[in-house]
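Residue-level listing of the chains:
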Amino acid sequence: MTDANAGDDVDEVRDLDDLPDDPTDREYVERTIRLAEAAVEAGNTPFGALLVVDGEVVREARNETRTGDDIAAHPELALARWAARELDDDERAACTMYASTEPCPMCATGVHYAGLGRVVFGVDGGTLGELTGGVVPIPCEEVIRRAGGETTVEGPIAVDAATAVHESFYGEP
């Protein structure tokens, strides 16, 4: 869909560092950063994500693109696929995906198709692109908006910690 009004219900990406602290969001993003660190320890690139429904972590994942020899083994896509199979519509609408890094366009599309209610991420794709030079520069919120989705996208949050895990892997710009 390319309807200019298709995404009017989608919240704009917000920088949570400018909002009142929600220690729960920050704690969950910090947990995804630990998952990203674990991904590196396992031989993969530094990305981690988890799903929360009604205050409970129901699933977590870390990047497995290298060890799984699968370019699509992003944790955000793996979780969106799991949610689409295992959660009912109401649970998915109430679900928040927390990610160490803003979901890429492929993962954002998975989030949209799964019908997840909210995404909160650590470092944004633009910053990651400055470090790696290999990021498709379309924000998660834009992918969801263009698809006519209703997922709320919030971030970046815990930016320093989220960026540090990438800097330690890719090097500083």
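Further up the page is the structure itself.
Now for a description of the structure that goes with this document. (Residues numbered from 1 in each chain as written. Predicted model: local features only at pLDDT ≥ 70, side-chain atom pairs only at ≥ 80, totals over all residues. Heavy atoms only, no water.)

### Side note on unusual backbone geometry
- With omega at 5°, the peptide bond leading from G155 into P156 counts as cis.
- With respect to the helices, strands and loops of the structure, P156 is situated in the loop between β5 (152–154) and α7 (159–170).
- Although it is not a glycine, D54 adopts a positive phi angle of roughly 55°.
- A positive phi angle, near 50°, is found at D69, a position not held by glycine.
- Locating D69 in the fold gives a position in the loop between β2 (56–62) and α2 (75–86). (Helix = DSSP H or I, 4+ residues; strand = E, 2+ residues; numbered from the N terminus.)

### Some details on the sheet that holds strand β1 (residues 48–53)
- With mixed pairing, the five strands of this open sheet are ordered in space as β2-β1-β3-β4-β5. In this open sheet, the two edge strands, each paired with only one partner strand, are β2 and β5. Looking at each pair of strands side by side, their axes are set apart by 15° on average, direction ignored.
- Bridge count between β1 and β2: six bridges; the pairing is antiparallel. Its bridge partner lying in β2, L50 is registered against E60.
- Along the sheet, α2 contacts β1, β2 and β3 (95–101); its crossing angle with β1, the most-contacted strand, is approximately 30°. (Pairing = 2+ DSSP bridges. Axes fitted to C-alpha atoms, helices over the stretch in contact; angles between N-to-C directions. Contact = heavy atoms within 4.5 Å.)

### Quick word on the packing of helix α5 (residues 125–132) against α7
- Following both chains from N to C, one finds α5 and α7 inclined at 15°, their axes separated by 10 Å at the closest point. Comparing their axes, α7 and α5 come out roughly parallel. Here the hand of the crossing between α5 and α7 comes out right-handed. Across the interface between the two elements, T127, L128, L131 and T132 from α5 touch T163, H166, E167 and Y170 from α7.
- For the contact of α5 with α7, the per-class residue count stands at three nonpolar, four polar and one charged. (Parallel < 35°, antiparallel > 145°, perpendicular 65-115°, else oblique. Left-handed = near helix turned anticlockwise from the far one by under 90°. Nonpolar A, V, L, I, M, F, W, Y, C, P; charged D, E, K, R; others polar.)

### So, the pattern of salt bridges
- Here the structure, examined in full by the defined rule, presents five salt bridges.
- Linking D25 and R118 is a salt bridge whose minimum nitrogen-to-oxygen distance equals 2.6 Å. With D25 in helix α1 (residues 23–41) and R118 in strand β4 (residues 118–123), the pair connects residues that are 93 residues apart, well separated along the chain. Comparing D25 with R118, the two get one shared label, buried. (Salt bridge = Lys/Arg side-chain N within 4 Å of Asp/Glu carboxyl O. Buried < 20%, exposed > 50% of the residue type's maximum accessible area, 1.4 Å probe, protein only.)

### Quick look at the state of the cysteines
- Evaluated as defined, the whole model comprises zero disulfides.
- Here C107 stays free of any disulfide, with the sulfur of C104 as its closest cysteine sulfur at 3.6 Å.
- With no disulfide of its own, C140 lies closest to C107 among cysteine sulfurs, the gap being 8.9 Å. (Disulfide = S-S within 2.5 Å.)

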